[in-house]
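# Structural description and commentary
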Amino acid sequence: MSKLSIQEEKELVSFIKDWLKSHGFTQKDLANKLNIKSSRTSEIIIKIKELYKKGGMFNIAKNLIKIEQNWLNNIGNDYPEKKQTPPYNQLDIDSLVNQINQDTRK
């Protein structure tokens, strides 16, 4: 598979951020399901890129669907019905830092 374009990567990060918020989960929850030790955005992106190399967007979608199904099935067992999310999470902060860096280069 070819590499994710910068635009595709940005769209995936945005999607994942919204997806996590809509289900009340955090990057740490996602990192646990992806079997990665760090919940930093950069580490999640590396894992997403690995999934892309192994099967493209279909493979990314398949894995995210599996994670979502697991969360939905376990909502009553392992997790409170809706977790409170802080106003800013790691994805927001990384996005802001990237924007500041781009703005200062201009």
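In this report, the structure presented in the accompanying data block is examined. These numbers come from a predicted model, not from an experiment. (Residues numbered from 1 in each chain as written. Predicted model: local features only at pLDDT ≥ 70, side-chain atom pairs only at ≥ 80, totals over all residues. Heavy atoms only, no water.)

### Notes on the nonpolar core
The tendency in soluble globular proteins is for nonpolar side chains to be buried side by side. We count it as follows: As used in this record, nonpolar core signifies buried Ala, Val, Leu, Ile, Met, Phe, Trp, Tyr and Cys residues forming a set joined through side-chain atoms within 4.5 Å. Relative accessible area decides the class of each residue, using a 1.4 Å probe on protein chains only: under 20% of the type maximum gives buried, over 50% gives exposed, and in between gives partly exposed. Here a helix means four or more residues in a row that DSSP labels H or I, a strand means two or more in a row labelled E, and each is numbered from the N terminus. A contact between two residues is defined here by any heavy atoms of the two lying within 4.5 Å.
Among the nonpolar cores identified, the biggest contains 18 residues, and Leu-30 and Ile-48 are the most heavily contacted of them. Mapped by element, the contributors of at least two residues to this core are helix H1 (6-23), helix H2 (27-33) and helix H3 (41-74). Aside from chain neighbours lying at most four places away, what touches Leu-30 is Ile-16, Trp-19, Leu-20, Ile-44, Leu-64, Ile-67 and Trp-71.

### Quick word on the packing of aromatic side chains
Our working rule: Aromatic pairs are defined between Phe, Tyr and Trp rings, using the six-membered ring for Trp, whenever the two ring centres lie within 6.5 Å; interplanar angles under 30 degrees are classed as stacked, those over 60 as edge-to-face, and all others as tilted.
Per the stated rule, a full pass over the model turns up 3 aromatic pairs. Taking the centre distance of 4.1 Å and the plane angle of 15 degrees together, the rings of Phe-25 and Trp-71 count as stacked. Note that Phe-25 is positioned in the loop between H1 and H2 and Trp-71 in helix H3, a separation of 46 residues in sequence. On the accessibility criterion, Phe-25 (5% relative accessible area) is buried. Here the aromatic cluster, defined as three or more aromatic residues joined through ring pairs, consists of Phe-15, Trp-19, Phe-25 and Trp-71.

### Considering H3
The condition that has to hold: How far a helix is expected to stretch is found by multiplying one less than its residue total by 1.5 Å. Bend angle per residue: angle between axes fitted to the 7 residues ending at that residue and the 7 residues starting there.
Between its terminal C-alpha atoms H3 stretches only 25 Å, short of the 50 Å expected from 34 residues at 1.5 Å a residue. Along H3, the sharpest kink reaches roughly 125 degrees, centred on Gly-55.

### With respect to the pattern of salt bridges
Counted only if it meets this: A carboxyl oxygen of Asp or Glu within 4 Å of a side-chain nitrogen of Lys or Arg is what we treat as a salt bridge.
Applying the stated rule across the entire model yields 1 salt bridge. Notably, a salt bridge pairs Lys-49 with Glu-9, separated by 3.3 Å at the nearest N-O pair. Placement of the pair is Lys-49 in helix H3 and Glu-9 in helix H1, with a sequence separation of 40 residues. Note on Lys-49: relative accessible area 35%, which makes it partly exposed. Residue class for Glu-9 comes out partly exposed when judged on its relative accessible area of 22%.

### Description of the environment of Tyr-52
Take Tyr-52: it is sitting in helix H3. Taking the C-alpha atoms as reference points, Tyr-52 and Ser-2, separated by 50 residues in sequence, lie 8.4 Å from one another.

### Thoughts on the packing of H1 against H3
To keep it simple, the criterion reads: Convention adopted: a line fitted to C-alpha atoms gives each axis, helices being fitted over their contacting stretch, and angles between N-to-C directions are expressed from 0 to 180 degrees. Relative orientations are named as follows: roughly parallel for angles under 35 degrees, roughly antiparallel for angles over 145 degrees, roughly perpendicular for angles from 65 to 115 degrees, and oblique for any other angle. Amino acid classes used here: Ala, Val, Leu, Ile, Met, Phe, Trp, Tyr, Cys and Pro are nonpolar; Asp, Glu, Lys and Arg are charged; the rest, including Gly, are polar.
Where H1 contacts H3, the two axes come as close as 13 Å, and the packing angle between them is 10 degrees. Our classification of the angle between H1 and H3 gives roughly parallel. Contacts between H1 and H3 pair Glu-8, Glu-9, Leu-12, Val-13, Phe-15, Ile-16, Trp-19, Leu-20 and His-23 from the former with Ile-45, Ile-48, Lys-49, Tyr-52, Met-57, Ile-60, Leu-64, Ile-67, Glu-68, Trp-71 and Leu-72 from the latter. Along the lines of polarity and charge, the residues of the contact of H1 with H3 split into 15 nonpolar, 1 polar and 4 charged.

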